Amino acid sequence: RPPLLVEIDPVCGSLIGDTIFHAEWTIEDSVSGIDYDEAYITINGMTFYIGSHLSFDGSHRTGVFNIDGSFGDFGLYTEDSFTVCLFLQDMPDYCEPNDTSYCCMYYLNDPPEAYFLYPAFDSTTACDPESIVMVITDPEDNLVPETILLEVDGITYTLSDPELTLSDSLLVFFNGA
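Being a predicted model, the structure only gives us computed values, none of them experimental.

1. Section: the overall build of the chain
Broken down by element type, the chain carries zero helices and 14 strands. When burial is assessed residue by residue, the chain has 33% of its 177 residues classed as buried. When contacts within the chain are restricted to residue pairs at least 6 apart in sequence, long-range pairs at least 24 apart make up 59% of them. For the chain, the accessible area works out to roughly 10,400 Å², and carbon and sulfur atoms hold 51% of it.

Here's what the structure looks like:
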């Protein structure tokens, strides 16, 4: 049998409320042992080996894989969630190694939420010039204004455009045409 996953900390499905990710995955294989030299992780498709944001503390029978790095180290810039997979195998004496993988999804900071004040969502207006007013709330209180984009009639606006302004939690689009 391949090595067994005993414990994951933080547990799968956890919200990671920081820009640093640290996880400990406890593994055991009391029969053939863990071949930790062949172990690696993937995070959203990027591969990391021992020494590169992945370390192992323990013996060939039991130990902890430590995953450490910033969101930037793992390419997590705009994702709402990410998947970590640990790939490993045992070290049998007389047959081919038994390999396995364990995967876990984590969630990043709660994203900001936006809702329409005017006009109502999915409504059509006939008046020109027209405005759009939205409320933006951010449970993490770390809204980055430069990341705000609003698409109107196929045109994407940012806060650097004069048509779009942010005041406290109100995002206002006004097309003065």
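2. Looking at the packing of aromatic side chains
Tallied over the entire structure, the rule returns eleven aromatic pairs. A centroid spacing of 6.3 Å and a plane angle of 80 degrees characterise the contact between Phe-21 and Phe-74, whose relative ring orientation is edge-to-face. Residue Phe-21 is found in strand β2 (residues 20-28), and its partner Phe-74 is found in the loop between β6 (62-70) and β7 (81-89); the two are separated by 53 residues along the sequence. Side by side, Phe-21 and Phe-74 carry an identical accessibility label, which is buried.

3. Here we look at the layout of surface pockets
Put simply, the second largest pocket is a space of about 490 Å³. As for the second largest pocket, its lining consists of 23 residues, and the residues nearest its centre are Pro-119, Thr-125, Ile-132, Val-152 and Asp-153. At the level of elements, β10 (131-137), β11 (150-152) and β12 (155-157) are the ones that each hand at least two residues to the lining of the second largest pocket. Here the lining of the second largest pocket is composed, by residue class, of twelve nonpolar, six polar and five charged.

4. Here we look at the pairing of strand β13 (residues 164-167)
Where β13 and strand β14 (residues 170-174) come together, four bridges link them in antiparallel fashion. Bridge pairing in β14 places Leu-166 opposite Leu-171. Where β13 hands over to β14, the hairpin turn is made up of two residues, of which Asp-168 adopts a positive phi near 55 degrees.

Parameters at a glance
- Residues numbered from 1 in each chain as written.
- Predicted model: local features only at pLDDT ≥ 70, side-chain atom pairs only at ≥ 80, totals over all residues.
- Heavy atoms only, no water.
- Helix = DSSP H or I, 4+ residues; strand = E, 2+ residues; numbered from the N terminus.
- Buried < 20%, exposed > 50% of the residue type's maximum accessible area, 1.4 Å probe, protein only.
- Contact = heavy atoms within 4.5 Å.
- Areas by Shrake-Rupley, 256 points an atom, 1.4 Å probe, with all protein chains shown as cover.
- Phe/Tyr/Trp six-rings, centres within 6.5 Å; stacked < 30°, edge-to-face > 60°.
- 1 Å grid on protein atoms, 1.4 Å probe; cavity = no way out; pocket = protein on both sides within 12 Å on 5 of 7 lines; lining within 4 Å.
- Points joined across faces, edges and corners; volume = space filled by probe spheres on them.
- Nonpolar A, V, L, I, M, F, W, Y, C, P; charged D, E, K, R; others polar.
- Pairing = 2+ DSSP bridges.

Don't take any of this as a statement about function, it's just geometry.
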